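Per-entry structural report
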Amino acid sequence: MTSPAEPLELHDPSSRGFASDNYAGIHPEALAALAAANGGHQVSYGDDVYTARLQEVFRSHFGPDAQAFPVFNGTGANVVGLSAMTGRWSAVVAAETAHINVDECGAPEKVAGIKLLTVPTPDGRLTPELVDRQAWGWGDEHRAQPHVVSLTQSTELGTLYEPGQIRALADHAHERGMLVHMDGSRIANAAAALDVPMQKFTTDAGVDVLSFGGTKNGLMLGEAVVVLNPELAPSIKYLRKSAMQLASKMRFVSAQLLALLEGDLWLRNARHANAMAARLAAAVQGLPRLEITRPVQANAVFAILPKDVTERLQKRFRFYTWDFSTGEVRWMTAFDTTEEDVDAFAAAIAADLTG
Ligand SMILES: Cc1ncc(COP(=O)(O)O)c(C=O)c1O
């Protein structure tokens, strides 16, 4: 009998940086939920008891008409959701900084077949006026038809839409016959920061389809296309399969989402990540040669500091330069960022800037 090999420890599990909330591992409660869902056989492709229960849980958060379709990742959620909202000559209006525009390798264009019409924004947020820069030309066969507005909550720049701002955007879009998509890869951080239920700035604010994010909030993997406008639901299951986002062992995606949403794990994780970003911002605010460049509203801190300082810090702590032309960097916090992590990082920044 050979004994099973000891798993290799290829990384230091106590080492954490500020590169991204998806650098974090799996929250122990999500991992436990995976283990609990293991064993025995369950029907594949979503006809399992976990995915059935998940529907009730999503309805409790987003209202009685919500329908959730678990998928593997955020790009997939966006592509599947947008596909259900568009036709073959459609365009989607989005902020220039939107993940669908800058970080999805053209998947919305390639897989959903849409044209993205983007607008520069001061802080990652669209307004009705900004939407109007691209929302025009209906009936003109020379122009891809603007059929959807896509917004991200919290935004790629760590900023937030107030529920009323989303309502105004949704009213504006609907009056023009357009639908509203929300990239909610970090929706929990937004709800925690606004201190309102997620329904308040989605279903109640007129959002038609939501890409619900679980991965950045403590799951191993797992997101969901949440259809809030029931008219858009019938095509999703076909679109999800043809976009290669249908998990055969879906119970393990659903069990994780259940672990997040059935109790308050989603909120605890998001509150903690947000608090760590606020702690970091407070600790470095006012340091010489450092400027915080965006309002710190969720779990991201953006700052400009001298490039040589950044390079030295990056040898010790993982984080990304966001804009090489200005030297702006992005520091993300996660559910597992500790106060000690933040304090040590802030101390290293301060020592380099003042030493
Ligand atoms: C705003 C936003 N949307 C969506 C995603 C989903 O990306 P992925 O396809 O890597 O899960 C991300 C991940 O970085 C993101 O930041």
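Along each chain, the written sequence defines residue order, and numbers are assigned to residues from 1. Since the coordinates come from a predicted model, pLDDT governs what is reported: local features require at least 70, and pairs of side-chain atoms require 80 or more to be given and counted, while whole-chain, interface and lining totals use all residues. Excluded from the side-chain calculation are hydrogens and water; included are all heavy atoms of the structure.

**As for the domain arrangement of the protein**
The domain boundaries assigned to the protein delineate domain 1 (28-261) and domain 2 (266-354). With 21 residues of domain 1 in contact, the opposing surface of domain 2 contributes 19 residues. Any carboxyl oxygen of Asp or Glu within 4 Å of a side-chain nitrogen of Lys or Arg constitutes a salt bridge here. One can count two salt bridges joining domain 1 with domain 2. A salt bridge links Asp-195 to Arg-271, with the nearest nitrogen and oxygen atoms 3.8 Å apart. Pairs of N or O atoms are called polar contacts if they sit within 3.5 Å, as long as, within protein, a hydrogen donor faces a hydrogen acceptor (for residues adjacent in sequence, only side-chain-to-side-chain pairs). Between the two partners, domain 1 and domain 2, sit ten residue pairs in polar contact (both at pLDDT 80 or more). Top contributing element to the side of domain 1 that touches domain 2 by residue count: helix α8 (residues 187-194), with five residues. Split by residue class, the side of domain 1 that touches domain 2 holds ten nonpolar, seven polar and four charged. The split of the chain into domains comes from an automatic or database domain assignment. Should any heavy atoms of two residues lie within 4.5 Å, those residues are considered in contact. A run of H or I in DSSP becomes a helix once it reaches four residues, and a run of E becomes a strand once it reaches two; helices and strands are each numbered from the N terminus. Residues are sorted three ways: Asp, Glu, Lys and Arg are charged, Ala, Val, Leu, Ile, Met, Phe, Trp, Tyr, Cys and Pro are nonpolar, and all the rest, Gly among them, are polar.

**Considerations on the site of the ligand**
Whether a residue is near a molecule or strand is decided by its heavy atoms; if any one of them lies within 4 Å of it, the residue is near. In the region of the ligand, the neighbouring residues are Asn-73, Gly-74, Thr-75, Asn-78, His-99, Thr-152, Glu-156, Asp-183, Ser-185, Arg-186 and Lys-216. Protein chains shield 81% of the accessible area of the ligand, which is 390 Å² for the free molecule. Of all the elements, helix α3 (residues 74-85) adds the most residues to the shell around the ligand, at three residues. Of the residues assigned to the shell around the ligand, the class counts are no nonpolar, seven polar and four charged. To be clear on the numbers: accessible area is Shrake-Rupley with a 1.4 Å probe, and residue cover counts the displayed protein chains and nothing else.

**Considerations on the pattern of salt bridges**
What the rule picks out here adds up to 16 salt bridges. Across the salt bridge formed by Glu-262 and Arg-53, the nearest N and O atoms sit 2.5 Å from each other. With a gap of 209 residues between them, Glu-262 in the loop between α10 (251-261) and α11 (265-284) and Arg-53 in helix α2 (residues 49-62) connect regions that are remote in the sequence. Exposure categories follow from relative accessible area, calculated using a 1.4 Å probe and restricted to protein chains: below 20% of the type maximum is buried, above 50% is exposed, and the middle band is partly exposed. Exposure remark for Glu-262: the relative accessible area of 44% places this residue in the partly exposed category. When its relative accessible area of 33% is taken as the criterion, Arg-53 is described as partly exposed. In this structure, a network of salt bridges that share partners links the residues Glu-29, Asp-264 and Arg-268.

**What to know about the nonpolar core**
Nonpolar core, defined: a set of buried Ala, Val, Leu, Ile, Met, Phe, Trp, Tyr and Cys residues in which side-chain atoms within 4.5 Å join the residues together. In this structure, Phe-58, Phe-62, Phe-201, Phe-212 and Val-226 are the most contacted members of the largest nonpolar core, which totals 56 residues. Among the elements that take part in this core, α8 stands out by supplying six residues, more than any other. Counting contributing residues per domain, this core is built from domain 1 (28-261) and domain 2 (266-354), each supplying no fewer than three. Excluding its chain neighbours within four sequence positions, the residues that come into contact with Phe-212 are Phe-58, Phe-62, Gly-184, Ile-187, Met-198, Glu-223, Ala-224, Val-226, Leu-257, Leu-260 and Leu-261.

**Details of the packing of α2 against α10**
Angle between the axes and distance between the axes: these two values describe a pair of packed helices. Fitted lines through C-alpha atoms serve as axes, helices being fitted only where they are in contact, and the angles separating the N-to-C directions of these axes extend from 0 to 180 degrees. Running from N to C, α2 and α10 cross one another at 35 degrees; their axes reach a closest spacing of 9 Å. Of the two possible hands of crossing, α2 and α10 adopt the one that is left-handed. Packed against α2, whose contacting residues are Tyr-50, Thr-51, Arg-53, Leu-54, Val-57, Phe-58 and His-61, the element α10 presents Arg-251, Ser-254, Ala-255, Leu-257, Leu-258 and Leu-261 at the interface. Grouping the constituent residues of the contact of α2 with α10 by class yields eight nonpolar, three polar and two charged. By definition, any crossing whose near helix is turned counterclockwise from its far helix by less than a right angle is left-handed, and any crossing with a clockwise turn is right-handed.

**Comments concerning the sheet that holds strand β3 (residues 115-119)**
Any two strands are treated as partners once DSSP identifies two or more bridges connecting them. Across the sheet, which stays open at both edges, the seven strands sit in the order β1-β7-β6-β5-β4-β2-β3 with mixed pairing between neighbours. Looking at strand neighbours, the two that pair on one side only are β1 (67-71) and β3, the edges of this open sheet. Adjacent strand axes in the sheet meet at a mean angle of 25 degrees, parallel and antiparallel pairs treated alike.

**With respect to unusual backbone geometry**
Leave glycine aside and you will find that most residues have negative phi; peptide bonds, for their part, are mostly trans. Cis geometry is found at the peptide bond from Gln-153 to Ser-154, where omega equals -15 degrees. Secondary-structure assignment places Ser-154 in the loop between β4 (145-152) and α7 (163-175). Look at Tyr-45: it is not a glycine, yet its phi comes out positive at around 60 degrees. Its place among the elements puts Tyr-45 in the loop between α1 (28-36) and α2.

**Quick notes on the side chain of Glu-328**
For Glu-328, the location among the structural elements is in strand β11 (residues 328-332). Here the side chain of Glu-328 touches Arg-294 through a polar contact of 3.0 Å, side chain to side chain.

**Some details on the UniProt feature "domain: Aromatic amino acid beta-eliminating lyase/threonine aldolase" (unreviewed entry) in the protein**
The residues that UniProt annotates with the feature "domain: Aromatic amino acid beta-eliminating lyase/threonine aldolase" (unreviewed entry) are residues 18-304. When the span residues 18-304 is considered, its composition is 37% helix and 16% strand, and the gap between its end C-alpha atoms is 15 Å. UniProt positions are given in the numbering used here, feature names are shortened, and annotations may be inferred rather than shown by experiment.

**Points about the sheet that holds strand β8 (residues 291-292)**
In spatial order, the strands read β8-β9-β11-β10; together these four strands make up an open sheet with antiparallel pairing. Strands at the two margins of the open sheet, each flanked by one partner only, are β8 and β10 (320-323). In this structure, β8 lies alongside strand β9 (residues 300-304), joined through two bridges in antiparallel fashion. Considered in β9, the bridge of Glu-291 is made with Ile-304.

**Here's the deal with α10**
For the α-helix, the turn length of 3.6 residues means that residues three or four positions removed from each other point alike. Burial of α10 is extensive: eleven of the eleven residues sit out of reach of the surface. Within the span of α10, buried status applies to Arg-251, Phe-252, Val-253, Ser-254, Ala-255, Gln-256, Leu-257, Leu-258, Ala-259, Leu-260 and Leu-261. Those residues of α10 that are buried lie in contact with α1, α2, β1, β6 (209-213), β7 (223-227) and α11.

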